[in-house]
Every structure is written in structure tokens, then in C-alpha cells.
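# Understanding the architecture of this molecule
The chain contents come next:
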Amino acid sequence: MSDDIVADRPSRRIVLGVGGGIAAYKVADLLRKLVELGHDVTVVPTAAALRFVGEPTWAALSHRPVRTDVFTDAHEVPHVQLGRDAELVVVAPATADLIARAAHGMADDLLTNTLLTARCPVLFAPAMHTEMWEHAATAANVATLRSRGVTVLEPAIGRLTGSDTGRGRLPEPADIAAIAELLLHRPDATPPDLVGRRIVVTAGGTREALDPVRFLGNRSSGRQGFAIAMVAAARGAHVTLLAANVELPPPPGADVIRIGSAEQLREATHQAVKDADAVVMAAAVADFRPAAVVGHKIKKGDEDPAPVALVRNPDILAELVSARERNHSGPAVIVGFAAETGDDDSDVLSYGRAKLARKGCDLLVVNAVGEDKAFGRPDNAAVILGADGFESHIPLGPKTVLAAAVCDAVISLLHG
Ligand code: CTP
């Protein structure tokens, strides 16, 4: 979720703890993002982190002094002050060693001291080799931290330091920054209340082929669906993310299946929801597709172009609702999205209420689009409507904040 930089938010005090792993170099980018968001960021690297990225880099990017041990500027008692003052502590890369020291309450450098004195939300973004992440010792330490309310993101899957590939890459700096923003807005936004739940999220916009190189598409960037997948995963859900033409990297903890057309999305959705507790249809699905796909690139020629005949696409959301009614099985919670512009006849919310009734889903997230609202932007405002009369207004803010509100509404229906 790059470019999630919005300058007009209030400045907050963040401690950025940097662990001694090669991914420390990516954390320079995370630091830059947090500073561009307007925050006061104090970087506390471990001694090992400074062997990967030196003190001048952290000092220059944060515009603040950088300390590693508890003896520098001891008169300011930094090992207590930093933690007490912080509104958020972010640890990245959280190495196996750092996770172990934090889980066991060690206090052998300034960062671990700060973790013991902080009473604010704490976010760990791990990075290590797959074997180290999967080791029983690390798994137990992560579970300990999570049980204490620390948000520990799942590492990303991909190329590791050597020639190997697997789970263990640092989550994207933009994603870490997005979860950090969420925790600053809502310190309680990532409790482990979706552990053991399976959630399917669709995101992006479908493309309907006209010929091998052209398509009918829409402007959905997939950011809102990706944010929902990321927050649901951070809350412990097993997330399958069906991404229609989204250029974003996989959010931490979500299994991403990339698809193209409405028909492909339909198939993938019906397959994925088989054992799901909830499905969130955030994708913008094309209502129509060309009646015929020309097998070769359509040439300009000398004639006026022939009109393109369209046929109706299946309504996947409506199909999910009717399959559940018919079979008495399927996801307990079905969530639709409605991107509305309003017009002379009706406003955005009235269209939303009518759509909720028409589609028959359990929740409908209604947002206003057009005039640079919502599409491709990091911020969103919406109203979440429930078939049971529930109504929650989420003011303009990061897409992760709306994502957390959607997760809240899903959970209360799963419990209810
Ligand atoms: N949707 C779907 N299949 C379609 C079209 C839409 O599953 N063929 C889902 C979307 O993912 C979204 C919801 O239905 O969750 C509402 O989409 P929207 O395009 O707003 O609804 P439409 O029924 O197409 O209504 P409109 O006439 O306003 O376009």
C-alpha cells in the first residue's frame, strides 16, 4: 500500500525499535514513511542493527538523536522515559533473538528496556529465515507476546537473504506503516478475536476482455479490500484474498489468489467460501462483459467501429446469498460493498439501504466515490449498514480504520 502518506494528521510520538537483521535497510523506508505522516519518531536500534545500517542514517531520517544503550545520556533516564512517553512502539525487523528477549522480559539494551516500560500499543514486524520463524521456540515466544496484547504481524512470503524463498520476509514498510496508523487511531484495533476463523476477501476490479490486449475495467485499486485482509489477518484470521488486477504486494498473513475477470472471480469465490466463516465482497465486479471476445487484436481499419454488444455478468454476491438460503450452509456473514455517487433522484445512503435490501447480504459498506473520493486513495469514509438495522458511520480516515470497523461488525455477527 505505497503512497499511503497523508500530511494533515496529528503528530504522534513513536519509538521505532530496529533489530539486527538484513531487513534493517528496509526499515529506513518505514522510518521515512512515519516521518512523512508527521510523527515524531525516535529510533532505538540494537547494537546488531547498527552493524547493518549505521547511526547517521537513523539520525538523519528521524531528525533526532539515536541511542542504543542505557548509559548514553543517562541523566535523562532514557530507558524509562522513552517507553513512558511513547504512543506506539514499532519493532522492525523483529528478529528471532529480539522476539525471544522481549517475550522473556529481558532488559539488556535500550530497546528491551523501552519495551518493558511502554504501556502503549506495541507492533512487531518479524523478519528471519523460515526455519527460525517456524522453530518451536520462536512460535512459543510469538504466542507469549500475542497473549500479552502485542500485535505480531505474520512475515511475508518470498525471496529471503540467500537464494532461498519462503515465509520470513519483512512485511512491506507501507503495510507496517498502515497498521501503525491504525493502532495510533485505535489502540484496540487488532485483538486476536478472529483466531480460528476463515475469512474470504475479494478486492480490486475485474477486467472483461474485448480482445487479447483490450478490456473493459474500472478504477478500483484494491486498497480497501487489501486493508481488510491485512487487519483480519492481524486479528488472527486465516485470510484468502481474491485479488482482481491489484498491483499491491500481498498483505502480511493473507493467502493471495490473483484473478482477472468476473467469471474467474466467481469461480474462485465459490471455491474459497466453502469452509469460510465470512466473505467480504470488496471487489468492483463488472456488471457486463463483451458478448464475444475477439481472438485477435481488433484493427482500426477504415470503417466506423462496430458497437460492442454486452451481456450481463452473474451477480456473485447475490449468488452467495441465495446459495446460503438454498443449502442452509455457507459463510455465516456475507458482506457487500456499495460504491455510490448519488444523483438527482437519491443520495448515497438511500441507494445503499435499497441495495442492502436488494442483495440480501448481512452487512453493506456504503461509500461515496467520484470527485477523487475513495478510488486509489489511502483514506476512506463509509457507513456500515446491517440487515438487522445496524448502522455505523466511519469518518474519513485511513482505510485500515474502516477495515477494523468492518472486522468489528463481522465479529459481532459471528458471535451473535
Ligand atoms: N457484485 C457482485 N457481482 C456483480 C456485481 C457486484 O458480487 N456482478 C458485488 C460487489 O462486489 C459489491 C456489491 O455486489 O459487494 C455491490 O456492487 P455494485 O456494483 O455497487 O452493485 P450493483 O448490483 O452492480 O448495483 P449498481 O446498479 O449500483 O451498479
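To start, this report covers the structure provided alongside it. Bear in mind the structure is a predicted one, so any value in this text is a computation, not a measurement. (Residues numbered from 1 in each chain as written. Predicted model: local features only at pLDDT ≥ 70, side-chain atom pairs only at ≥ 80, totals over all residues. Heavy atoms only, no water.)

A few words on the sheet that holds strand E4 (residues 122–126). By definition, the strands of a sheet pair up through backbone hydrogen bonds, in either a parallel or an antiparallel sense. Here we have five strands laid out as an open sheet, ordered E2-E1-E3-E4-E5, and parallel in their pairing. At either end of the open sheet lies a strand with only one pairing partner, and these are strand E2 (40–45) and strand E5 (151–152). Relative to E2, strand E1 (residues 13–18) runs parallel, the two sharing six bridges. Note that in E2 the partner of Leu16 across the bridge is Val43. (Pairing = 2+ DSSP bridges. Helix = DSSP H or I, 4+ residues; strand = E, 2+ residues; numbered from the N terminus.)

With respect to spatial proximity, 15 residues lie near the ligand, and among them Met281, Ala283, Leu317, Lys355 and Lys359 are the closest. Between Pro314 and the ligand, the recorded distance is 2.9 Å, taken from a backbone N or O atom to a nitrogen atom. In the environment of the ligand, an oxygen atom lies 2.5 Å from a nitrogen or oxygen atom belonging to the side chain of Lys355. Contributions of two or more residues to the shell around the ligand are made by helix H12 (316–327), strand E16 (333–340) and helix H13 (348–359). (Near = heavy atom within 4 Å. Polar contact = N/O pair within 3.5 Å; in protein donor to acceptor, adjacent residues only side chain to side chain.)

Take the pattern of salt bridges next. Under the criterion given, the structure shown has 24 salt bridges. When the shortest N-O distance is used, the salt bridge between Asp109 and Arg101 registers 3.2 Å. Accessibility assignment for this pair places Asp109 and Arg101 in one class, buried. Two residues, Asp277 and Arg197, come together in a salt bridge whose shortest N-O distance is 3.6 Å. Here Asp277 is found in the loop between helix H11 (262–272) and strand E13 (278–281), whereas its partner Arg197 is found in the loop between helix H9 (173–185) and strand E8 (198–204), with 80 residues between them in sequence. For Arg197, a relative accessible area of 24% puts it in the partly exposed group. Three or more residues joined by partner-sharing salt bridges are found here, namely Arg186, Asp188, Asp193, Arg235 and Asp408. (Salt bridge = Lys/Arg side-chain N within 4 Å of Asp/Glu carboxyl O. Buried < 20%, exposed > 50% of the residue type's maximum accessible area, 1.4 Å probe, protein only.)

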